[in-house]
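Structural overview
Now for the letters of each chain:
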Amino acid sequence: AQSVAQPEDQVNVAEGNPLTVKCTYSVSGNPYLFWYVQYPNRGLQFLLKYITGDNLVKGSYGFEAEFNKSQTSFHLKKPSALVSDSALYFCAVRDRGGYSTLTFGKGTMLLVSP
Amino acid sequence: GAGVSQSPRYKVAKRGQDVALRCDPISGHVSLFWYQQALGQGPEFLTYFQNEAQLDKSGLPSDRFFAERPEGSVSTLKIQRTQQEDSAVYLCASSLGPGDRETQYFGPGTRLLVL
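Criteria and cut-off values
- Within each chain, residue numbers correspond to sequence positions counted from 1 in written order.
- Lettering for chains starts from A, numbering for ligands starts from 1, and both go in the order in which the items are written.
- With the structure being a predicted model, the display of local features is reserved for residues of pLDDT at least 70 and the display and counting of side-chain atom pairs for 80 or more, all residues being used for whole-chain, interface and lining totals.
- Excluding hydrogens and water, the side-chain values take into account all heavy atoms of the structure.
- A helix here means a DSSP run of H or I that spans at least four residues, while a strand means a run of E at least two residues long, and both kinds are numbered starting from the N terminus.
- The atom set for the radius of gyration is the C-alpha atoms, and the globule formula is 2.2 Å times the number of residues raised to the power 0.38.
- For every residue, the accessible area (1.4 Å probe, protein chains only) is compared with the maximum for its type, and the residue is labelled buried under 20%, exposed over 50%, or partly exposed between those bounds.
- We call two residues in contact whenever any of their non-hydrogen atoms come within 4.5 Å of each other.
- All accessible-area figures derive from a Shrake-Rupley calculation using a 1.4 Å probe, and residue coverage is judged against the displayed protein chains alone.
- Note: buried area is the sum, over both parts, of the accessible area (probe 1.4 Å) each one loses when the two are combined.
- Whenever Lys or Arg places a side-chain nitrogen within 4 Å of a carboxyl oxygen from Asp or Glu, that contact is recorded as a salt bridge.
- Polarity classes work like this: nonpolar for Ala, Val, Leu, Ile, Met, Phe, Trp, Tyr, Cys and Pro, charged for Asp, Glu, Lys and Arg, and polar for all others, with Gly in that last group.
- By nonpolar core is meant a set of buried Ala, Val, Leu, Ile, Met, Phe, Trp, Tyr and Cys residues that side-chain atoms within 4.5 Å join together.
- Aromatic pairs are defined between Phe, Tyr and Trp rings, using the six-membered ring for Trp, whenever the two ring centres lie within 6.5 Å; interplanar angles under 30 degrees are classed as stacked, those over 60 as edge-to-face, and all others as tilted.
- Grid points spaced at 1 Å over the protein atoms alone were grouped into cavities, where a 1.4 Å probe fits but cannot get out, and pockets, open sets with protein on both sides within 12 Å along at least five of seven lines, with lining residues defined by an atom within 4 Å of a point.
- Grid points are joined across faces, edges and corners, and a volume is the space filled by probe spheres set on the points.

Attention now moves to the overall build of chain A. Counting its secondary structure elements, chain A contains zero helices and twelve strands. Each helix and strand of chain A, placed in order from N terminus to C terminus, yields the pattern β-β-β-β-β-β-β-β-β-β-β-β. By the compact-globule yardstick of 13 Å for 114 residues, chain A fits well, its C-alpha radius of gyration being 14 Å. Summarising its shape, the C-alpha atoms of chain A cover approximately 45 × 30 × 20 Å along the three principal directions. Residue burial in chain A is summarised as follows: out of 114 residues, 47% are buried. Restricting to contacts in chain A with at least 6 residues of sequence separation, those with at least 24 account for 57%. For chain A, the computed accessible surface area is about 5200 Å², with 50% contributed by carbon and sulfur atoms.

Here we take up the interface of chain B and chain A. Counting from both sides, the interface comprises 24 residues of chain B and, opposite them, 23 residues of chain A. Overall, the association of chain B and chain A removes approximately 1900 Å² of surface from exposure, summing both partners, and the carbon and sulfur fraction of that is 49%. Considering only the side of chain B, the residues that lose the most area to chain A are B:Asp100, B:Arg101 and B:Phe106, jointly responsible for 32% of the buried surface there. Applying the counting rule to chain B against chain A returns zero salt bridges. Listing elements by their share of the side of chain B that touches chain A, those giving two or more residues are strand S4 (31-37), strand S5 (44-50) and strand S10 (105-106) of chain B. Residues of the side of chain B that touches chain A, tallied by class, amount to ten nonpolar, eight polar and six charged.

What follows deals with the environment of A:Glu15. All names here are of chain A. Among the structural elements, Glu15 can be located in the loop between strand S2 (10-14) and strand S3 (19-21). In this structure Glu15 comes out as partly exposed when scored by relative accessible area, which is 41%. Those residues within four positions of Glu15 in sequence are excluded, and the remaining contacts are Ala81, Leu82, Val83, Val112, Ser113 and Pro114.

With that settled, consider unusual backbone geometry. Residues B:Ser7 and B:Pro8 are joined by a peptide bond in cis, for which omega reads -10 degrees. Mapped onto the elements, B:Pro8 comes out in the loop between strand S1 (5-7) and strand S2 (10-13). One non-glycine residue, A:Tyr61, lies in positive phi territory at about 60 degrees. By secondary structure assignment, the location of A:Tyr61 is in the loop between strand S7 (56-58) and strand S8 (64-68). Since its relative accessible area comes to 54%, A:Tyr61 is described here as exposed. Even without a glycine there, the phi angle at B:Arg81 is positive, about 50 degrees.

In terms of nonpolar packing, the biggest core is built from 28 residues, with A:Trp35, A:Leu47, A:Leu48, A:Phe74, A:Leu76 and A:Tyr89 touching the most fellow members. Of all elements in the fold, only S2, S3, strand S5 (31-38), strand S6 (44-50), S8, strand S9 (73-78), strand S10 (87-95) and strand S12 (108-113) of chain A reach the threshold of two or more residues within this core. The biggest single contributor to this core is S10(A), with four residues. Those residues in contact with A:Tyr89 that lie beyond four places of it in its chain are A:Gln6, A:Trp35, A:Tyr36, A:Val37, A:Leu47, A:Phe63, A:Leu76, A:Gly107, A:Thr108 and A:Leu110. Residues B:Val4, B:Ala13, B:Ala67 and B:Val114 belong to the second largest nonpolar core, which totals 20 residues.

Another point: the packing of aromatic side chains. Inspection of every chain in the model, using the stated rule, returns 15 aromatic pairs over all chains. Relative to A:Phe104, the ring of A:Phe90 has its centre 6.4 Å away and its plane inclined at 85 degrees; by these criteria the two rings are edge-to-face. On the criterion of sequence distance, the pair formed by A:Phe90 in strand S10 and A:Phe104 in strand S11 (residues 103-104) is long-range, its members being 14 residues apart. On the basis of relative accessible area, A:Phe90 is assigned to the buried category, the value being 0%. Of the residues examined, A:Phe104 reaches a relative accessible area of 9% and is grouped as buried. A centroid spacing of 6.0 Å and a plane angle of 80 degrees characterise the contact between A:Phe104 and B:Phe106, whose relative ring orientation is edge-to-face.

What the largest pocket holds in volume is close to 570 Å³. Lining of the largest pocket is provided by 28 residues; of these, A:Gln38, A:Leu88, B:Gln37, B:Leu39 and B:Arg111 occupy positions nearest its centre. At the level of secondary structure, the elements contributing two or more residues to the lining of the largest pocket comprise S10 of chain A together with strand S9 (88-95) and strand S11 (110-114) of chain B. Classifying every residue of the lining of the largest pocket gives 13 nonpolar, ten polar and five charged.

The structure is reproduced here in structure tokens:
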């Protein structure tokens, strides 16, 4: 079975500071990894994904994530946070070995203070 | 270009009532997924269509839940005899192809409240 852990329910950061939202995963094979963001009363918006190749993935709105196979992690990062980045962030994983569904973490609320 | 749309956005149902939730995927997208998102949780997979074929319904919580996509485009999720535990946001997603590496694009969701 595959799973995702987002160990922090909430991350607080001041505007202009770097941010990190943590994600670790468990799959039987190799993973496809995704980050989505959810604003209030809206659906999930795709940020970025890791499929293969370079471990550092760049996505929308200045976000990036680094795939670390040895630590089974895929942390989301941004060098300089904006107040408008405040939202709920979800990490998701899919096992590339055969058919599998997309499994989401519980989400991390990011609060960026002015 | 239009994204995934869902209707209604909000639905209040009395316990025991039947409800139907609609999803319009992005035009040309082969794959369509339904998820259930409980309060404070991540989305959980319900079912998957490739064109009109329902290839995976392993996530449907009971036989009260039924989904269809008869012409390979619009999909409807039906919940019969709703229960309070069915209260959640129901999200629809679509992707261009059938592959595992494809990005799923989500609609705004339907918030269902069962009283």
